[in-house]
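Here's the letter readout for the chains.
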Amino acid sequence: MNAVIMAGGEGTRLRPLTCDIPKPLVPLCGRPVSEYILELLKLHGFDEAVFTLRYLGGKIVSYFDDDMFNGIKLFYSFENEPLGTAGSVKNALKSKDAADGALVISGDAMCDFNLSAAVDFHKKNKAAATIVVRKVPDPREYGLVLFDENGRVESFLEKPSFESCITDMANTGVYILSKEALEIIPDGQSDFAQDIFPLMLKKGMPLFAYEENGYWCDIGDFKSYMRCQQDMLNGLVKCELNAHRTLDGIFSGSGSDFKGARVTPPVYIGRDAKISAGAVIEAGSVIGDGVFVGRGAKIHGSIILDGAYIGEKVTCNEAVICKGARLLSSSAVFEGGVVGENALIGENSVVQSGVKIWTGKELERDSVASYDIKYGAAHLLSIDDDGVCGETNGEITPQVASVLGSALCSAGKKIAVGRTAGAPAKALCFALVSGIMSSGGEVWDLGECCQSELEFALRSAGLDIGCYVDAGIVTKFKISAENGLPLTRKQERKIEGGLNRSEYPRVGVNDFGNIIDAGSFKALYLENLLRATPEKLNGIRAEVSTANRRISDISRRIFDKINDRSGERMIFHVSSDGKRLSVYSDETGYVFYEKLLLLACLKFFAAGEDVALPYSAPAAADVLAGKFGAKVRRYYNTPVDGSDREARELAGKQSFSLDALELMLAVLSWISERGISLGKALAELPNFTAASRFVGIAQPPSIVLKTFCGERGGLGEGVVASGSEGRVLIRPAKTGKGVMMFVESYKAETASEICDFYEKLLNEKLKEQKN
């Protein structure tokens, strides 16, 4: 059987470390990761291996200059253009006898898998292909594999959001391929996960997953890079370190000198490294070949690569210092900081947590680097359920806003921008606009407005992205996709990549974007509402209560013309973001959002139209639709694929599920035109109560989704558990720190009581899982 080692891509998340070396040559405890992989192949009987090469592939050939390593004959397959994972394997084996198939393994991931057992499993099941899978704590960054109790693969899920993680079994990139699998790979570009494996499922070919419990670390970022080496030092990886191990756990290379230093094992100290007396090297640290560490320096859990210079009284806390970098006396690099090859950190200077100093760059003495020198963001920012959030002028500064503006251009070119009142929102909005324009984006500026007006402009003008700046003590950049809908996971990843890794478009001086005054959309929004407003509210006197001054003004202009001053008083409560609605009347008491949503649906169902609702909307809507021969089309909060495209297009045309004022007018129109009271209209709905609740959890959300075995949401969001009393949708929050429960009660019990029941059940099952 042939062995194919995939060299991987450019390793952008490991820059500046990978600016000058490919990922397979990234050092782990003194040796490239690919050396450990070759030793693993040798251990399991392979005597030949082919490297697939693209990014800096010549450096791999130069490193293994005699085409032989540890008894394994090496071959190289270069790609003139990207061929994808499957295409590169076919290209690598074109001159090989593939009758016995091939084993494919990543050259940039550390593992100690029992490859022999995996091959035996493959042969025993007469599989066309076998995917080696491994449990992972955070499934969002991996391709996931779903399979039955016999290991037969059923489906795949590619780098989902927490809402969609219905398994924690990750595709490790280790494949065993029979001749039949290799034969269906076409010439040119193709990918195993995206093309070949789905094709095999479609053809009914035997595709299996083999679960490994050995060590596996996909070295995709600096956090995993550091963790992997600490795991190696702690004996969690079955591998050999080229160093002498003392009885107390210090791995030291020949010629190293650390007498007089305080060294707390386990640590790795490379050949000819010099650790001065009085220096402190704490557990989990890796000191490369030829490194100098001065007196009084403190190295805590850091990776110091070959030839680096660490001056006196320097502090390195959980940082990566690349080859040949120099840290002068009393400087400091803190958690997650990276100093690139041959970079210089001046005396008394500080590299703050998460900041990267690029290859060859210099930080002057007595300076503080709070943002990357070259790249923009100094710490990782992500999109949570409220958008991109942080303390104003602390975490969220005008500089961050500008980078976010550029990042938005990764997801779309025509971008609507609006803001709340006040100087902070105004300043941050200006910075956001500058970032968009500098990346070639076209800004449609609504100025001070409410979020509903911004999203109306998105729908009306066919724009790509909307960003609403809500700034107070905390700033929230609320980002919407086309038609004012939630972002897709693909869009989120692109924007987060721009924020944290500067993966955004760059344009020349003649290609900066323009700014368009879109303030007129505020008047158009009001006109749109007025067109949907009944000429007169028969027997109804409506009021709006809201903390949003602009929404209050819009509502007053509507109701001043149409209210029946002697009618039943209805007080509509609109959330400050203009998204949620409830109402109070003496006849009905409080009526919450979910029932008002169904009343608006009735208006469309009666006209023979389908409706678009969020995935978390009550299932009672489907029951109601069935009575009229209509359908409910649901859109996801963070779709992974395009399966909700029809629902999203429909939601753009009937936006009452996105805009509380449109929902309010749809309800009022329905009851006013029919001349019935709110109570009588509610009596036409299925009997249910609804509630939602956030439950904080300490374990990964994928465990939560596996805990319940009820009706699944497929490749949707979360899982649904149903019973005679009600139904609960459990969907992890975007932050991964908890779950949202959306509950419907079918009987007399309140939805809140069912929330209590499922929260208790959830905690009990999580406790069992932990034990």
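This text goes with the structure placed above it.
The following paragraphs examine the structure supplied in this document. (Residues numbered from 1 in each chain as written. Predicted model: local features only at pLDDT ≥ 70, side-chain atom pairs only at ≥ 80, totals over all residues. Heavy atoms only, no water.)

In this section: the pattern of salt bridges. Under the definition given, this model contains 29 salt bridges. Arg13 is the partner of Glu141 in a salt bridge, and the nearest nitrogen-oxygen pair spans 3.1 Å. In this pair, Glu141 is assigned in the loop between strand S9 (129-135) and strand S10 (143-147) and Arg13 in the loop between strand S1 (2-6) and strand S2 (27-28), connecting sequence segments 128 residues apart. Exposure remark for Arg13: the relative accessible area of 25% places this residue in the partly exposed category. Residue Arg489 pairs with Glu492 through a salt bridge whose shortest N-O separation is 3.1 Å. Pair noted here: Arg489 and Glu492 are both in helix H11 (residues 489-501), with a separation of three residues, about one helical turn. Residue Arg489 is classed as buried on the basis of its relative accessible area, which comes to 5%. (Salt bridge = Lys/Arg side-chain N within 4 Å of Asp/Glu carboxyl O. Helix = DSSP H or I, 4+ residues; strand = E, 2+ residues; numbered from the N terminus. Buried < 20%, exposed > 50% of the residue type's maximum accessible area, 1.4 Å probe, protein only.)

Here the focus is unusual backbone geometry. Looking along the chain, the bond that leaves Arg15 and enters Pro16 is cis, with omega of 15 degrees. Among the secondary structure elements, Pro16 is positioned in the loop between S1 and S2. In the segment running from Pro265 into Pro266, the intervening peptide bond is cis, with an omega of 0 degrees. Structurally, the position occupied by Pro266 is in the loop between strand S17 (262-263) and strand S18 (267-269). Although it is not a glycine, Leu56 sits at a positive phi angle of roughly 50 degrees. With respect to the secondary-structure elements, Leu56 resides in the loop between strand S4 (48-53) and helix H2 (57-63). Even without a glycine there, the phi angle at Lys313 is positive, about 60 degrees. Given the relative accessible area of 58%, Lys313 is considered exposed.

This part takes up the sheet that holds strand S40 (residues 474-480). If you walk across this open sheet you meet the six strands as S36-S40-S39-S37-S38-S41, and the pairing is mixed. This sheet does not close on itself; its edge strands, each paired only once, are strand S36 (388-391) and strand S41 (515-517). Within the sheet, the average angular offset between the axes of one strand and its neighbour, ignoring direction, is 20 degrees. Sheet topology places S36 next to S40; four bridges connect them, and they run antiparallel. When the bridges of S40 are listed, Glu391 appears paired with Val474. Its contacts with the sheet place helix H8 (residues 398-408) against S36, strand S37 (414-419), strand S39 (465-471) and S40, and it is angled at close to 10 degrees to S40. (Pairing = 2+ DSSP bridges. Axes fitted to C-alpha atoms, helices over the stretch in contact; angles between N-to-C directions. Contact = heavy atoms within 4.5 Å.)

As a further point, take the sheet that holds strand S48 (residues 689-696). Taken together, four strands build an open sheet; the order of strands is S48-S51-S50-S49 and the sheet is antiparallel. Each of the sheet's edge strands pairs with one partner strand only, and the pair in question is S48 and strand S49 (719-722). Adjacent strand axes in the sheet meet at a mean angle of 20 degrees when their direction is disregarded.

With that settled, consider the layout of surface pockets. Space left empty within the atom packing is revealed by a probe, the size of a water molecule, rolled over the atoms. When its volume is computed, the second largest pocket comes out at roughly 1300 Å³. Lining the second largest pocket are 48 residues, and of these Asp385, Pro486, Lys579, Asn637 and Arg731 sit closest to its centre. Of all elements in the fold, only helix H10 (451-461), S40, helix H14 (593-606), S48, strand S50 (726-732) and strand S51 (738-745) reach the threshold of two or more residues within the lining of the second largest pocket. For the lining of the second largest pocket, a count of residues per class yields 22 nonpolar, nine polar and 17 charged. (1 Å grid on protein atoms, 1.4 Å probe; cavity = no way out; pocket = protein on both sides within 12 Å on 5 of 7 lines; lining within 4 Å. Points joined across faces, edges and corners; volume = space filled by probe spheres on them. Nonpolar A, V, L, I, M, F, W, Y, C, P; charged D, E, K, R; others polar.)

A word on the packing of H10 against helix H12 (residues 520-531). Between H10 and H12, the shortest axis-to-axis distance is 9 Å and the interhelical angle comes to 90 degrees. With respect to each other, H10 and H12 are oriented roughly perpendicular. The residues of H12 that touch H10, namely those facing Ser452, Glu453, Phe456, Ala457, Ser460 and Ala461, are Phe521, Lys522, Leu524, Tyr525 and Asn528. Its residues placed into classes, the contact of H10 with H12 shows six nonpolar, three polar and two charged. (Parallel < 35°, antiparallel > 145°, perpendicular 65-115°, else oblique.)

Another aspect to go through is the packing of aromatic side chains. By the definition in use, this model includes 20 aromatic pairs. Considering the side-chain rings of Tyr142 and Trp216, the 5.5 Å spacing of their centres and the 55 degrees angle between planes classify their relative orientation as tilted. Taken together, the residues Tyr142 in the loop between S9 and S10 and Trp216 in strand S14 (residues 216-218) connect sequence positions 74 residues apart. Just as Tyr142 is buried, Trp216 falls in that class too. Aromatic pair Trp444 and Phe521: ring centres 6.2 Å apart, planes at 55 degrees, arrangement tilted. Of this pair, Trp444 sits in strand S38 (residues 442-448) while Phe521 sits in helix H12; the two residues are 77 residues apart in sequence, bridging distant segments of the chain. The residues Trp444 and Phe521 share a single accessibility class, namely buried. (Phe/Tyr/Trp six-rings, centres within 6.5 Å; stacked < 30°, edge-to-face > 60°.)

Further remarks concern helix H15 (residues 620-627). Within an α-helix, residues lying three or four positions from one another point in the same direction, as the helix has 3.6 residues per turn. For H15, the full list of buried residues reads Ala620, Ala621, Leu624 and Ala625. Seen end-on, H15 carries its buried residues on one side only, within an arc spanning 140 degrees. Residues Val623 and Gly626 are exposed on H15 and point more than 90 degrees away from its buried face. Of the surrounding secondary structure, the elements contacted by the buried residues of H15 are H14, strand S46 (611-614), strand S47 (632-635) and S51. With its phi angle positive at about 70 degrees, Gly629 sits one or two positions after the end of H15. (Arc of directions from axis to C-beta.)

This part covers the pairing of S50. Most of S50 is tucked away, with seven of its seven residues classed as buried. Side chains Gly726, Val728, Ile730 and Pro732 of S50 all project onto a buried face; the interleaved residues Arg727, Leu729 and Arg731 project onto the opposite face, where all are buried too. As paired strands, S49 and S50 are joined by four bridges and run antiparallel to one another. In the strand pairing of S50, Val720 is matched with Leu729. The sheet contact formed by S50 and S51 spans seven bridges and is antiparallel. Of the residues in S51, the one forming a bridge with Gly726 is Ser745. The hairpin formed by S50 and S51 contains five residues between the paired strands, and Gly736 there has a positive phi angle of roughly 75 degrees.

A few words now on the pairing of S1. Burial runs high along S1: five of the five residues are buried. Residue alternation in S1 divides its side chains into two sets, Asn2, Val4 and Met6 and Ala3 and Ile5, and both sets are buried. Of the pairings in the sheet, the one linking S1 to strand S7 (residues 102-106) comprises five bridges and is parallel in character. Each residue of the ladder has a partner; that of Met6, found in S7, is Ser106. Pairing of S1 with S4 involves three bridges; the strand directions are parallel. Within the sheet, the bridge partner assigned to Val4 lies in S4 and is Val50.

Relative to each other, H14 and H15 sit at 25 degrees, their axes nearing to 10 Å. With respect to their mutual orientation, H14 and H15 come out roughly parallel. Both H14 and H15 take part in a crossing whose hand is right-handed. For the pair H14 and H15, the contacting residues are Leu598, Leu602 and Phe605 in the first and Ala620, Ala621, Leu624 and Ala625 in the second. Residues belonging to the contact of H14 with H15 are distributed by class as follows: seven nonpolar, no polar and no charged. (Left-handed = near helix turned anticlockwise from the far one by under 90°.)

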